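Residue-level listing of the chains:
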Amino acid sequence: MTGLDSNHPNVFVIFGGTGDLTYRKLLPAFYDLVLQGVFDANNLKIVIIGRRDYNSQTFLDRALMGIEANARFKKEDLEAKQKLSQMVSYYKMDYHDLASYAGLREYLSSLFETAVRYQFYLAVAPSSFSIITEKLRLSHILEDVSAKQLLIEKPFGNDLQSAIDINAMILKSFKEDEIYRIDHYLAKEMIINIMTIRFGNQVFESLWKYGEIDNIQITATETIGVEDRGSYYDHSGALEDMVQSHLLQVLTLLMMKEPTDDSPEAIHTAQTEVLKNLELFDTIENSYIRGQYVSDGKVNSYRDEERVDPQSSTETYAAVEFRYNKEPFKDVPIYVRTGKRMDKAGTYVAVQFKPSKMYDGRELDPNVLIIRIGPDEGIYLRVNIKKPGITSEVQPIKMDFCQSCILENRYNTPQAYERLLRMALEQDHTLFASWDFANISWEIIDAIQKRAINNMLHEYEVFSSGPDAADEMLERNGHYWINDTVYGETFKF
Ligand code: BG6
């Protein structure tokens, strides 16, 4: 049974629906799906819950502006706007107040005459997850439907204990297979592609299998600072904000064994197996570098950002050196780095293979596979070839495929939320984080944080490449960060 037929219509309820996420991501994604004919008023109604004094029309006026700014294509399509407007309504209530759920119950059940499926999307702080799920249960709303789903945004807790507590609370109202933990990185085209690139190419699969990898690097850097999220960010920092979720997901996809089949369970099991065997490569001082951006005289230091403690020791840059303690990868460093206000914005993976040696004894540049995740999407391989002419000189060249440079590819690549919403409504868990993943990844991050209390906080100037200590971490192993060159703004519509 898919989620998208009109015999089983869906009521998608967004708590915290007047926040930025709804305007920038969720409704533009639904709009794109309406344009593609996936949803209409026969199979989906969207209910926005908020405390503000809107009605459906005043909410829609704002929402349509968000769609014009953020939808992927045909931002001005009147027919699609009208269709979406028929699907969206605003329901004013305070979700802390149990009594008001009775009215919500009545309203939701009036939307379709047939049996429906409910999706509850919590775009609220994690501390409110249990408040809402408990009240949904106590008000009997959850009993009214043939199927129910819960979609939650990160952060899923702020350490292992809070994640365990939240999970235990929501499990009182929803079963594990009804819970969809969102990690939007999992819906990025080139992250989904990692499995195909690895397992769909004998040339790579055997290099992985026979341990021909020298080191792996995962980079996600941004030029933006913390923007208006200072109060959240100052209590989390780069390690929690990016590594615990997004970058460990990428790491596990890169290191996992081939799943036994294509089910979400098999993929998640293979991923968590990697986490269970992940450890720091060296001592905590050597393997975890923390940094914080400081002003260049024009742009603010982190400590001067709004809603950030002026004495803050939160890291805005993190570089970690892991190892996956299983053959054939035992001594292979896996470097992960992320930072805000860096010189370049780019997310990519670099897999450096063992050094190449020629029959005449020459040591050549190692082959490197780069998987570009964003903003450009693509893949390239660095190989050695002879320079043309009467010479035996060897030069490294790039065999380069820029996927997102091709208009048709951009057109066919959904935005992360477009894919996530569609898959959740199809009840497909593949691109959502499992509880095991959340649990073990928090265990890893907690352990690092506990051990790192004496780790230095390195300053780095805004728009630089980060602290020198992160370069030294690689130099100790004879490695260096592989910096990708990006195509630039080639893929705007
Ligand atoms: C979010 C983090 O999960 O991911 C942000 O909270 C970060 O701090 C963002 O900026 C990065 O996402 P993307 O898709 O722009 O790489």
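The structure reproduced in this document is the subject of the present report. (Residues numbered from 1 in each chain as written. Predicted model: local features only at pLDDT ≥ 70, side-chain atom pairs only at ≥ 80, totals over all residues. Heavy atoms only, no water.)

Moving on, we come to the nonpolar core. Ranked by size, the top nonpolar core spans 149 residues in total, and within it Phe-15, Phe-30, Phe-120 and Phe-322 carry the most contacts. If you tally residues by element for this core, the top one is helix 10 (residues 238–255), at 11 residues. Beyond its immediate stretch of four places on either side in the chain, Phe-30 contacts Phe-12, Phe-39, Leu-44, Ile-46, Leu-84, Leu-421 and Leu-425. (Core = buried A, V, L, I, M, F, W, Y, C linked by side-chain atoms within 4.5 Å. Buried < 20%, exposed > 50% of the residue type's maximum accessible area, 1.4 Å probe, protein only. Helix = DSSP H or I, 4+ residues; strand = E, 2+ residues; numbered from the N terminus. Contact = heavy atoms within 4.5 Å.)

Per the counting criterion, the structure on display carries one disulfide. What pairs with Cys-402 in a disulfide is Cys-405, and their sulfur atoms sit 2.1 Å apart. Across the S-S bond of Cys-402 and Cys-405 the torsion is about 80°, and the bridge reads as right-handed. (Disulfide = S-S within 2.5 Å.)

One can find Ser-162 in helix 6 (residues 160–170). Ser-162 sits in the buried class, given a relative accessible area of 17%. There is a polar contact of 2.8 Å between the side chain of Ser-162 and the side chain of Asp-159. (Polar contact = N/O pair within 3.5 Å; in protein donor to acceptor, adjacent residues only side chain to side chain.)

Here we have seven strands laid out as an open sheet, ordered 3-2-1-4-5-6-18, and mixed in their pairing. Each of the sheet's edge strands pairs with one partner strand only, and the pair in question is strand 3 (88–92) and strand 18 (432–433). When strand 1 (residues 10–15) meets strand 4 (residues 117–122), the two strands line up parallel, connected through six bridges. Bridged to Asn-10 within strand 4 is Arg-117. (Pairing = 2+ DSSP bridges.)

What follows covers the pattern of salt bridges. For the structure on display, the rule yields 21 salt bridges. With a shortest N-O distance of 2.9 Å, Arg-72 and Glu-418 are connected by a salt bridge. One end of the pair, Arg-72, is in the loop between helix 2 (56–70) and helix 3 (78–87); the other, Glu-418, is in helix 14 (residues 416–425), and 346 residues separate them in sequence. Glu-418 carries the same exposure label as Arg-72, and that label is buried. A salt bridge links Lys-175 to Glu-178, with the shortest nitrogen-to-oxygen separation between them at 3.8 Å. Looking at Glu-178, the relative accessible area reads 11%, which means it is buried. If you follow the salt bridges from partner to partner, you end up with Lys-148, Lys-175 and Glu-178 in one network. (Salt bridge = Lys/Arg side-chain N within 4 Å of Asp/Glu carboxyl O.)

According to the stated counting rule, one finds 22 aromatic pairs in the structure shown. Note on Phe-15 and Tyr-95: the rings are 6.3 Å apart at their centroids and 80° apart in plane angle, and the pair reads as edge-to-face. Note that Phe-15 is positioned in strand 1 and Tyr-95 in the loop between strand 3 and helix 4 (100–109), a separation of 80 residues in sequence. Grouping residues by exposure puts Phe-15 and Tyr-95 together as buried. Consider the rings of Tyr-118 and Phe-120, whose centres lie 5.7 Å apart with planes at 75°: the pair is edge-to-face. Residue classification places Phe-120 among the buried positions, given a relative accessible area of 0%. Taken together, the ring pairs connect Phe-15, Tyr-95, Tyr-101, Tyr-118, Phe-120 and Phe-174 into an aromatic cluster. Its guanidinium or amino end placed over the ring of Phe-156, Arg-181 lies 5.1 Å from that ring's centre, counting from NZ or CZ. Just above the ring of Phe-281 sits the side chain of Arg-323; from NZ or CZ to the centre is 4.2 Å. (Phe/Tyr/Trp six-rings, centres within 6.5 Å; stacked < 30°, edge-to-face > 60°. Lys NZ or Arg CZ within 6 Å of the ring centre and 35° of its normal.)

Here we come to the environment of Lys-357. You can see Lys-357 is positioned in strand 13 (residues 356–357). Setting aside its immediate chain neighbours within four residues, Lys-357 contacts Arg-362 and Glu-363.

The subject of this paragraph is a negative patch on the surface. Together, Asp-177, Asp-261, Asp-262 and Glu-265 give the surface a local cluster of negative charge. Relative to the assigned elements, Asp-261 resides in the loop between helix 10 and helix 11 (264–276). For Asp-261, a relative accessible area of 39% corresponds to the partly exposed category. (Patch = residues over 30% accessible without salt bridge, like charges linked within 9 Å, V, L, I, M, F, W, Y side chains within 5 Å. Areas by Shrake-Rupley, 256 points an atom, 1.4 Å probe, with all protein chains shown as cover. Lys, Arg positive; Asp, Glu negative; His and termini not counted. Charge placed at Lys NZ, Arg CZ, Asp CG, Glu CD.)

A cis amide bond links Lys-154 to the next residue, Pro-155, at an omega of 5°. Following the sequence through the fold, Pro-155 ends up in the loop between strand 5 (147–152) and helix 6. The peptide bond linking Gly-374 to Pro-375 adopts the cis configuration, its omega dihedral lying at -5°. Summarising the element assignment, Pro-375 is placed in the loop between strand 15 (368–374) and strand 16 (378–386). Positive phi, normally seen in glycine, also occurs at Glu-227, with a value near 50°. Within the fold, Glu-227 resides in the loop between strand 7 (213–221) and helix 9 (230–233). Phi is positive for Arg-307, which is not a glycine, with a value near 60°. With respect to the element layout, Arg-307 can be found in the loop between strand 9 (288–294) and strand 10 (317–324).

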